[in-house]
Amino acid sequence: MKKHIRIAVAAACAFAMVGAFAMFGCSSNDQKADESKADEPKTEQHEAVELQLFAANSLSKAMDAVQELYTQDHDWVTFKDTQYLSSGELNEQLAGGAYADVLISASKGKMDDAVSAGYVDEATRFDMFKNDLVMVTGESSELAAKYGADQSFTLEDVASGDYAVAVGDDSVPAGNYANQALSTVNCFVDPDGKTGSDSAGKANGTDAYAGTPLAGKVNAQTSVGNVCKQAESGAVDVAFVYSSDVFRFGGVKVIGVVPNDTHKKIIYPAAICKDSKQAEAAQEFLDWATTNADAKKLWQEWGFELVTE
């Protein structure tokens, strides 16, 4: 009888031990599972953000491509219809009460105006791009056949007075740079009597080409894109545009590069607008746009060089 009792007790103990091991195993597995879940990367939740950019006309194609790339990895961000206008017109829009998160100007002077008027937060301002001023002509023109890699068209050639020229008007920074350069060969008369980089490159309501070899031969346009089209269509012989515009529009050939020492440095400053409701997200975009390797390639493809490069 005692033997049967001992066997029963032993069986009960064995059963209890098996149960304990089973429970320990489950607990251990559960703990490992919890630890495994803890190691898994957490998906960060973002609130939807819409950014409104105001950017210089010449940036349109490049900026569209960069924005598209950005939203691929930042799907919570969308860009409202980005406004591409001359730098002067962008300031006019802001003066009229238009909303923007970011302003990218093609002129330091225009950005200075935006700072003075309180449109942007000066603390966020930085120089984003640099560019070159070039002289272009229609691809099928006589000048295109004559000038190019082996022989460059020069400011002195413009000063001969033999050619019709297109430049941007006072509101277009590319036109200001062109006028500064033209003043060094006596083809633009600054109202203040200044020349080259000392000049603002603005006619200020005067006929700044009167009495020069270009008298009656200058076609002023309200955007650098329209200036480029004047050369493409053959309406003028030569147009002064940014090197990036050749990539943007096509249909023209570069026949000469304007010497950098004849005009102010061509810099595109950027800044966050003071009234921005998405200042943090706007800054994140600008930081990414100037550091991401793929974004840098896109800028280069469209003829823009980052100042940080």
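Residues numbered from 1 in each chain as written. Predicted model: local features only at pLDDT ≥ 70, side-chain atom pairs only at ≥ 80, totals over all residues. Heavy atoms only, no water.

**Observations regarding the sheet that holds strand S11 (residues 252-257)**
Backbone-to-backbone hydrogen bonds pair the strands of a sheet. The strands run either parallel or antiparallel. The sheet built from five strands is open, its strands ordered S9-S8-S10-S7-S11 with mixed pairing. One side of each edge strand has no neighbouring strand; the edge strands of this open sheet are strand S9 (218-221) and S11. Shown here is a sheet whose adjacent strand axes are inclined to one another by a mean of 35°, direction ignored. Two elements, strand S8 (residues 165-168) and strand S10 (residues 238-242), share two bridges in a ladder whose sense is parallel. Paired with alanine 166 across the two strands is alanine 239, which belongs to S10. Set on the sheet, helix H7 (residues 173-183) makes contact with strand S7 (133-138), S8 and S10; between it and S10 the angle comes to about 120°. (Pairing = 2+ DSSP bridges. Helix = DSSP H or I, 4+ residues; strand = E, 2+ residues; numbered from the N terminus. Axes fitted to C-alpha atoms, helices over the stretch in contact; angles between N-to-C directions. Contact = heavy atoms within 4.5 Å.)

**Re the sheet that holds strand S12 (residues 267-272)**
The mixed open sheet is built from six strands, whose spatial order is S4-S2-S5-S12-S6-S13. Looking at strand neighbours, the two that pair on one side only are strand S4 (83-85) and strand S13 (305-306), the edges of this open sheet. With four bridges joining them, strand S6 (residues 126-130) and S12 adopt antiparallel strand pairing. Directly across from phenylalanine 126, in S12, lies its bridge partner alanine 270. Each of strand S5 (102-104), S6 and S12 touches helix H4 (residues 108-116); the most contacted strand, S12, lies at about 20° to it.

**Some thoughts on the pattern of salt bridges**
Pairing is possible between side chains of opposite charge, provided their charged atoms come close. Scanning the model with the defined rule gives four salt bridges in all. Salt-bridge contacts for lysine 130 lead to glutamate 305; the nearest nitrogen and oxygen are separated by 3.7 Å. Placement of lysine 130 in strand S6 and of glutamate 305 in strand S13 is noted, with a sequence separation of 175 residues between them. Its relative accessible area of 29% is what places lysine 130 among the partly exposed residues. The class for glutamate 305 is partly exposed, based on a relative accessible area of 40%. For aspartate 245, the salt bridge is made with arginine 248, and the minimal N-O distance between the two is 2.9 Å. On the criterion of helical spacing, the pair formed by aspartate 245 and arginine 248 is a turn pair, its members being three residues apart in helix H9 (residues 243-249). (Salt bridge = Lys/Arg side-chain N within 4 Å of Asp/Glu carboxyl O. Buried < 20%, exposed > 50% of the residue type's maximum accessible area, 1.4 Å probe, protein only.)

**A closer look at the side chain of glutamine 67**
Looking at the secondary structure, you find glutamine 67 in helix H2 (residues 60-73). On the basis of relative accessible area, glutamine 67 is assigned to the buried category, the value being 7%. The residues touching glutamine 67, leaving out its near neighbours within four places in the chain, are Leu53, Phe79, Thr82, Tyr84 and Phe285.

**Looking at the pairing of S7**
The buried count for S7 comes to six of six residues, which makes it a mostly enclosed element. One ladder, built from four bridges, connects S7 with S10; its direction is antiparallel. In the strand pairing of S10, methionine 135 is matched with phenylalanine 240. With five bridges connecting them, S7 and S11 associate as antiparallel partners. The partner of valine 136 across the bridge, within S11, is valine 254.

**What about H7?**
Because an α-helix packs 3.6 residues into every turn, residues spaced three or four apart end up facing the same way. Most of H7 sits inside the fold, with eleven of its eleven residues counted as buried. Looking at H7, one finds that the buried residues are Pro173, Ala174, Gly175, Asn176, Tyr177, Ala178, Asn179, Gln180, Ala181, Leu182 and Ser183.

**A word on the packing of H2 against helix H10 (residues 279-291)**
In the contact formed by H2 and H10, the axes pass within 11 Å of each other and the chain directions differ by 105°. The orientation of H2 with respect to H10, classified from their angle, is roughly perpendicular. Mapping the contact onto sequence places Met63, Val66, Gln67, Leu69 and Tyr70 in H2 and Glu284, Phe285, Trp288 and Ala289 in H10. Partitioned by chemical class, the residues of the contact of H2 with H10 number seven nonpolar, one polar and one charged. (Parallel < 35°, antiparallel > 145°, perpendicular 65-115°, else oblique. Nonpolar A, V, L, I, M, F, W, Y, C, P; charged D, E, K, R; others polar.)

**Regarding the side chain of asparagine 131**
Along the polypeptide, asparagine 131 turns up in the loop between S6 and S7. Looking at asparagine 131, its side chain comes within polar contact range of the side chain of serine 244, at 3.0 Å. Look past the residues within four positions of asparagine 131 in its chain and what remains in contact with it is Tyr242, Ser243, Ser244, Ile266, Tyr268, Gly303 and Phe304. (Polar contact = N/O pair within 3.5 Å; in protein donor to acceptor, adjacent residues only side chain to side chain.)

**Structural notes on H10**
Along its 13 residues, H10 runs 18 Å from first to last C-alpha, staying within 8% of the 18 Å computed at 1.5 Å per residue. Where H10 is concerned, the buried positions are Ala281, Ala282, Phe285, Leu286, Trp288, Ala289 and Thr290. (Expected span 1.5 Å × (residues − 1).)

**Structural notes on the nonpolar core**
The nonpolar side chains of a soluble globular protein tend to be buried, and buried together. Grouped together as the largest cluster of nonpolar side chains are 73 residues, with contacts concentrated most on Leu182, Phe240, Phe285 and Trp299. For this core, the element with the highest residue contribution is H10, accounting for six residues. Dropping the residues within four chain positions of it, tryptophan 299 is found in contact with Leu59, Ala62, Met63, Val66, Met128, Phe129, Ala289, Phe304 and Leu306. Core analysis: the next-biggest nonpolar cluster, separate from the first, contains eleven residues, Leu94, Ala100, Val120 and Ala271 among them. (Core = buried A, V, L, I, M, F, W, Y, C linked by side-chain atoms within 4.5 Å.)

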